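# A structural walkthrough
This is what each chain is made of:
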Amino acid sequence: MSKELPISAHSPIKTARTSVIARSQTTKQSRRNTGLPRAPSQLGVARNDGCERLQLPSQYNPAEIEADIYRKWDESGFFNPDKLPARHKKPFTIIMPPPNANGALHIGHAVFVTLQDIMIRFQRMRGRRTLWLPGADHAGFETQVVFDKKLEKEGRDRSGIPRDELYREMLEFSLENKKIMEDQLRKLGASCDWSRKKFTLDPDIIKKTQETFVALYDDGLVYRGERIVNWCVKHQTALADLETKRIEEKAPLYYFQYGPFVIATARPETKFGDKYVVMHPRDRRYKEYKHGQHIELEWINGPIVATVIKDEAIDMNFGTGVMTITPWHDPVDFDIAERHTLDKEQIIDRRGKLLPVAGEFAGASIKDARPLIVEKLKAKGLLIKTEEEYSHHISVCYKCSRPIEPQILPQWFLKMAPLAKKAIEAVEKGKIVFVPGRFKKIYFHWLRNIRDWNLSRQILWGIRIPAYFCLDCEGFPDGGDYDQTRQRMENTMMWREHDPQWFTALDPRSCPQCGSHKIVRDADTLDTWFSSGQWPFLALGYPDAKDYKTFYPTDVMETGWDILFFWVARMIMLGLYRTGRVPFKTVYLNGLVRDKDRQKMSKSKGNVIDPLGVAALYGTDAVRMALTVGNLPGNDIIISEDKIRGYRNFATKLWNIQRFILLNDDAKTVRGAPKFNAKDRKAQKELKTLVKIVTKDLEAFRFHHAAEKLYHYAWHTFADKIIEDAKPRIASADPDERRAALKLLIEIQTTLLKLLHPFMPFITETLWEKLPASRSKATKGLLMVEQWPE
RNA sequence: GGGCGGUUAGCUCAGUGGUAGAGCGCUUCGUUGACAUCGAAGAGGCCAGAAGUUCGAUCCUUCUACCGCCCACCA
């Protein structure tokens, strides 16, 4: 296993120690060292029978108990909605966003695990029949990129490895990571139902995903088209529009003489095939030229005949108002060519090298060729001028940041407009609510301007497109090396067992048109978001499973706002298409985690906080609290080790609150009805108010607020005031005073542990075990299924 | 080019139409029986700027300035 792999997460302490936080710690440390040493005898010494009974050391040590507690929960069966006590009736469902099975969990995962677990635990205690369904995503392109890096480190290369062998190796790699990831979810306290976990490459998921593709095809929504796509030269695959990002680039803008016209371009290397010159139909400067008119002119490699095209896409105010087009390598040009049924010629191959059409420049890379071409045009006297600092936007691959080289490729596209229309309606009608609400606008805007979705990926890792081609009557739609690659892959393809019999376009065994048996399957795979876009209903076993009937539509979809378009919008569209119903009623979008300096966390910056590392050091509960407080929906979260340490201290505080109670508690005093005084009653009333606030906050997804209130109450009201007030009464000789004081503390602690449980499940469950409270058989003694206080 | 969010204590952020809040950090003091991973006290803010609505604005409206982000096929 290479260093970068998740296994390294098993040395968590390293992460913490190497962090920069040490400054404040050292000051504290030194101060502590100058202070008087504590008498060691005072630690954990039993002063009375109460203390002996509880055997609580003075410090909370999460590492010792967390795994144990998790096992107890798991073994109780209560993660499974079918095994919950009878009072749990109305379902409450969250489908977990399936983490990519290609690495360890990062802090962003910890955010969603925490928030979702809070909701699930809260609803479970309130008596809902909670299902939190865990899963994992094969993450097609992402995983392939990760895997290629791994190969590279091993000095290997994917070329030459047969398709099935490669696939098997990637599957193994993914399953291994998946296991690690699942184990990490347990460590974070995720109370999800492991008996229902799903993987996007489970055979039934693959089959259903392909069925959706076919259904869309039958409905005329999926079509195959020779369309311009975003081609990444490095990754050798097409990408969806969403998988590219726009960056600003400064490049020279060249003005060339093109017959009677002057044209401007930043990409001279594409201009070899330019034989159409386009201008706006109402541009008076060029009214003497007629649409379709031929003009002879001298160009890069000799004389050519250009054709005049009039199109309204031209901006009369830009440059000279005239441009030539390269339909094969530019989306705007492609559209113009489509409108006027013009020829399209490929100039650059899929490796970014110039083709024979470039004459003497054939075989050269874009970068090398560009200055040479400019030089040649200049020598021919065709270069008019150069704007050096021309700034424009270009598309780059979101993974490698290399410029996208648009290419025309036969791909499968999904018509989005009809799907988007329904997705807009569902939200307009309030069937889905966004938290925070402002994302509604962003969602609408995107859907209203949506373009068709390229589903084809020229990668191995993923769900195979269930489409077939007849070699005899169709041949492959395109030629070249791609063709050979495809055929080589074909010979060793996997997943033969899932070959669909139902594909209506072509029969895999004989061509319905010519009867030929030379049938090959499309070697491409589906965009990974096509399967994850169906996740809520697929994971629940659509259409026949009992789970689907019981738990769909789900209640909440909780995920990062950064995948609103990638995932959430597509789940809504595909969910509505396939099931006719929305996949979830509420979308809660959490922010991205940033470090102290507002920087996005990334491995390359070295500012990542490994959630499991800090959890091992400070306790999972502390990490969860740190990720909850100050975490408003849709807002980015700033996290630092200081903050986590603060909540570790809070855990210790809770621990010692209970330690104090148990230290003084003895059955004899507590027996009998307490006589509360006015101040006690006021405290009880305050507690009731707290319950109301916290409950309301949780219902309204204000987790940050609830957590802060609880923190404040436990520490500054309960510990600092109520407990301090109780001390003299506990010491008093009057048994009534003693009893009332203690009973009050126990009462508050009981409620507090319940309220805190969704946020800090481990410590509250541990303390609950030791609390002298009534236990019902139905709960098996677990706080996890106790009744939420009213 | 469209759109969104932010601007409140040194830092990270809550918050409400009625003289400003938390955590962390800082200062001083205290603490041998729950907790030093602690307690008590304290310093620290024209709530970005301007105008408007209002008896009254940090909060509502408009504009401005910065910061951040998303979307976008001007060669």
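Sequence order as written defines the numbering, with residues in each chain counted from 1. A letter from A marks each chain and a number from 1 marks each ligand, given out in the order of writing. Predicted model: local features are reported for residues with pLDDT of at least 70 only, side-chain atom pairs are reported and counted for 80 or more only, and whole-chain, interface and lining totals are derived from all residues. For the side-chain quantities, the full set of heavy atoms in the structure was used; hydrogens and water were omitted.

### Overview of the overall build of chain A
- By definition, any uninterrupted DSSP run of H or I lasting at least four residues is a helix, any uninterrupted run of E lasting at least two residues is a strand, and each is numbered from the N terminus. Summing up its helical and strand segments, chain A has 25 helices and 24 strands in all.
- Only protein chains enter the accessibility calculation, which uses a 1.4 Å probe; a residue is then buried when its area is under 20% of its type maximum, exposed when over 50%, and partly exposed in between. The proportion of buried residues among the 790 residues of chain A is 56%.
- Here a residue-residue contact requires only that any non-hydrogen atoms of the pair lie within 4.5 Å. Of all intrachain contacts in chain A linking residues separated by at least 6 positions in sequence, the fraction that spans at least 24 positions is 78%.
- Shrake-Rupley sampling with a 1.4 Å probe provides the accessible areas, and residues are treated as covered by the protein chains on show and by no other component. As presented, chain A carries roughly 35000 Å² of accessible surface, and 51% of it is formed by carbon and sulfur atoms.

### Quick word on the packing of helix H6 (residues 140-153) against helix H7 (residues 163-187)
- The geometry of H6 relative to H7 is characterised by a closest axis approach of 11 Å and an angle of 100° between their N-to-C directions. Between H6 and H7, the interaxial angle falls into the category roughly perpendicular. Together, Thr143, Gln144, Val146, Phe147, Lys150 and Leu151 of H6 and Leu166, Glu169, Met170, Phe173 and Ser174 of H7 make up the contact between the two elements. Note on method: axes are straight lines fitted to C-alpha atoms, helices fitted across the in-contact stretch only, with angles between N-to-C directions ranging 0 to 180 degrees. Orientation categories follow fixed angle ranges, with anything under 35 degrees roughly parallel, anything over 145 roughly antiparallel, 65 to 115 roughly perpendicular, and all other angles oblique.

### A short note on the sheet that holds strand S7 (residues 244-258)
- Any two strands with at least two DSSP-identified bridges between them are counted as paired. The strand order across the open sheet built from three strands is S8-S7-S13, with neighbouring strands paired in antiparallel fashion. Bordering the open sheet on either side are strand S8 (261-265) and strand S13 (383-397), each of which pairs with just one other strand. Strand-to-strand twist across the sheet, computed as the mean angle between neighbouring axes with direction ignored, equals 25°.
- The pairing of S7 with S8 spans five bridges and is classified as antiparallel. Counted as the bridge partner of Tyr255 is Ala264 from S8.

### A few points about the state of the cysteines
- The criterion for a disulfide is a pair of cysteine sulfur atoms lying within 2.5 Å. In this structure the tally under the stated criterion is zero disulfides.
- Here Cys397 stays free of any disulfide, with the sulfur of Cys400 as its closest cysteine sulfur at 3.7 Å.
- Looking at Cys397, the relative accessible area reads 0%, which means it is buried.
- According to the relative accessible area criterion, Cys400 is buried, its value standing at 19%.

### So, the sheet that holds strand S10 (residues 294-299)
- If you trace the four strands from one edge of the open sheet to the other, you get S10-S11-S9-S12, paired in mixed fashion. The open sheet is flanked by S10 and strand S12 (322-324), the only strands paired with a single partner. On average, each strand axis in the sheet is tilted by 35° relative to the strand beside it, whichever way the strands run.
- Sheet topology note: the strand S9 (residues 276-279)/S12 ladder contains three bridges and is antiparallel. Across the sheet, residue Met279 finds its bridge partner in S12, namely Val322.

### Some remarks on the pairing of S7
- Sheet topology places S7 next to S13; 12 bridges connect them, and they run antiparallel. In the sheet register, Tyr254 faces S13, and the bridge partner there is Thr386.
- In this antiparallel pair of consecutive strands, S7 and S8, the connection spans two residues, and Gly259 shows a positive phi of 65°.

### Regarding unusual backbone geometry
- Note the cis peptide between Tyr542 and Pro543, where omega equals 0°.
- Assignment of secondary structure puts Pro543 in the loop between helix H15 (535-539) and helix H16 (546-551).
- Tyr552 connects to Pro553 through a cis peptide bond whose omega is 0°.
- Of note in this structure, Gln236 is not a glycine but carries a positive phi near 55°.

### Re the nonpolar core
- Formed by 177 residues in total, the largest nonpolar core has its most connected members in Leu414, Leu447, Met573 and Phe718.
- In terms of residue count, the dominant contributor to this core is helix H23 (residues 703-731) (13 residues).
- Once you skip the residues sitting within four places of it in the chain, Phe718 turns out to touch Ile657, Ile661, Tyr713, Ile723, Leu745, Ile748, Gln749 and Leu752.
- Among the nonpolar cores identified, the runner-up in size contains 29 residues, and Tyr254, Tyr258, Ile347 and Leu383 belong to it. The criterion is simple. A nonpolar core is a set of buried Ala, Val, Leu, Ile, Met, Phe, Trp, Tyr and Cys residues joined through side-chain atoms within 4.5 Å.

### Some remarks on the environment of Gly77
- With respect to the helices and strands, Gly77 occurs in the loop between helix H4 (62-76) and strand S1 (91-95).
- Of the residues examined, Gly77 reaches a relative accessible area of 11% and is grouped as buried.

### Looking at the pattern of salt bridges
- The term salt bridge refers to a side-chain nitrogen of Lys or Arg lying within 4 Å of a carboxyl oxygen of Asp or Glu. One pass over the full model with this rule turns up 46 salt bridges.
- Put simply, Glu769 and Lys72 hold a salt bridge, and the shortest N to O gap is 2.7 Å. Of this pair, Glu769 sits in helix H25 (residues 761-770) while Lys72 sits in helix H4; the two residues are 697 residues apart in sequence, bridging distant segments of the chain.
- The exposure class of Lys72 is partly exposed, given its relative accessible area of 38%.

### Side note on the environment of Ala240
- Topologically, Ala240 is positioned in the loop between strand S6 (237-239) and S7.
- The class for Ala240 is buried, based on a relative accessible area of 5%.
- For the pair Ala240 and Val229, spaced 11 residues apart in sequence, the C-alpha separation works out to 7.8 Å.
- Beyond its immediate chain neighbours, meaning those up to four positions away, Ala240 contacts Asn230, Trp453, Arg457, Asp527 and Arg570.

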